[in-house]
Amino acid sequence: MFIVRKGEMPPWSRLFKEAASRLLERHGGTPFELRFWGGERLRFGAGAPEFSVTFRTRRSLCETAFRGTLGLGEAYVRREVTFEGDLEDSLAGLFQLARSVEARLPRLVPAPSSFDRGLSGVLDALRLGLLSGAAKRERLAVERHYGLGNDFYPLYLDRRLQTSCGYFSSPGETLDDAQAHKISLVARKLALRRGHRLVDLGCGWGHLMFHAAEAYGVQCLGITLCENQARYIREQAAARRLPVEVRVMSCDELEDEPRWDRLVSLGSMCHAGERRIEVFYDRVKALLAPGGVCVLESVTREQESSRTDPFLQKHIFPGYWPPSLDGMATRASTRGLDVLDAENLRRHSALTARCWRRNFLENREKIERVTGFDGAFMRTWEFYLACAAAAFRSGHLGAIQMVLSNGAPRDYPLAREPLYATEEPSLRERAPIVPAVQLSSWGAALPS
């Protein structure tokens, strides 16, 4: 059913309405409604709409139609597009819709034209080409996201500042508990033993390494491109008296010898981008000792493509590129790395993003007050976090955690049961977990 007020919409808008009606006339998914600035409405699906999207200006409709999520997200930030119903639920419905009619509906992420690719290359050269080396290029992109300030992340992440997904035993589990379970799970999948040497590529704020050192007696080296993360790790490692070192560098710059018994990378693969992912796998092979084990985790999609989400690229993660499950396995096998285990953490990623969004919204006023971020930044991140949760919920994105070995692994569990055991080695806590902003050199503390 749709309601039309004649003369309210220009011809191209009416064509859009008519095309949408034809494409979605048999829509069997979540019922929803599109509303337009002149009062027109399009309703799809059986039953009362569960959400609605209102285009308040011609510009917002045009940019959404031609620029996909970038146009929709920027119009949301400008308040030219509004949603009735929960934003995450609405976006999940749109992602499900796009998947169900992919062959007929214009893609939410349009394919870049040759002109776009050429222009993008020129802009990349102007912005980044003056810097020497891929490491500095990658550092700019990572700093754009993780260098926003140590007073921001504790206000929406868990207390361990984990930026990969948690591992939930139930949907109602707290984010702190889920992230603690995730760290324990990764440690068990690595089959850590006292005396092992572990390198963490893209180590974040270091709590996986703290756990490995405290619970298993493992010597750890973290690689990060963010000075703020490295400073936090050094202070925490010193307070706990742990054999944990951190270096601010790219994994490309890390020497091959001596090679490492264990290697882990939770999410940093996506920052390598499509052009450098082969280099990333080359480094994993070069750094891992014969018989060594590694855990690689990445956001994924069903099919690899040069297309990436334009809103994410421009506003959140420059250079971000998710591989596929098949691509991860193929790149490993062509380098002689055996796939021991693979697990899809998509549902855990959806729950994690939902927790992040809830924390972000609950602490919105405090974030604005403490950081000074403006309203446009806050609405940009609100849209991003809702998009992330919706993409994982709908299956638009996955999250693969893969265990690899460099040849026959030494002393690795034969069965899967030990990987999911509830028993942990007794922790030797030497200092409490302290969010970064509570360190005296980094400013204001969080509420208890």
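In the annotation of an unreviewed UniProt entry, the protein is listed under the name Cyclopropane-fatty-acyl-phospholipid synthase and assigned to Sorangium atrum. What UniProt records for the protein under Sequence similarities (unreviewed entry) is the sentence "Belongs to the CFA/CMAS family."

A.B. asks: Lay out the sheet that holds strand 6 (residues 197-201) with the relevant residues and their values.
C.D. replies: Sheet architecture is open: seven strands sit in the order 8-7-6-9-10-12-11, paired in mixed fashion. The open sheet is flanked by strand 8 (244-248) and strand 11 (337-344), the only strands paired with a single partner. Each neighbouring strand pair of the sheet contributes to a mean axis angle of 15°, computed without reference to strand direction. For strand 6 and strand 9 (residues 260-266), the ladder comprises three bridges, and the chain directions are parallel.

A.B. asks: Any chance you could break down the pairing of strand 9 for me, citing the residues and the numbers?
C.D. replies: For strand 9, a buried count of seven out of seven residues is recorded, marking the element as mostly surrounded by other parts of the structure. Direction of pairing for strand 9 relative to strand 10 (residues 288-300): parallel, over a ladder of six bridges. Residue V264 lies in a different strand from strand 10, and its bridge partner there is V295.

A.B. asks: Run through unusual backbone geometry, naming residues and quoting values.
C.D. replies: Although it is not a glycine, R79 adopts a positive phi angle of roughly 65°. The residue R79 is located in the loop between helix 3 (69-77) and strand 5 (81-84) in this model. Positive phi outside glycine occurs at R241, with the angle close to 55°. With respect to the helices and strands, R241 occurs in the loop between helix 9 (227-240) and strand 8.

A.B. asks: Break down helix 3 for me, citing the residues and quoting the values.
C.D. replies: Buried residues dominate helix 3, accounting for nine of its nine residues. Residues of helix 3 that are buried: T69, L70, G71, L72, G73, E74, A75, Y76 and V77. Just past helix 3, the residue R79 takes up positive phi, approximately 65°.

About the cut-offs
Residues numbered from 1 in each chain as written. Predicted model: local features only at pLDDT ≥ 70, side-chain atom pairs only at ≥ 80, totals over all residues. Heavy atoms only, no water. UniProt positions renumbered as here; feature names shortened; annotations may be inferred. Pairing = 2+ DSSP bridges. Helix = DSSP H or I, 4+ residues; strand = E, 2+ residues; numbered from the N terminus. Axes fitted to C-alpha atoms, helices over the stretch in contact; angles between N-to-C directions. Buried < 20%, exposed > 50% of the residue type's maximum accessible area, 1.4 Å probe, protein only.

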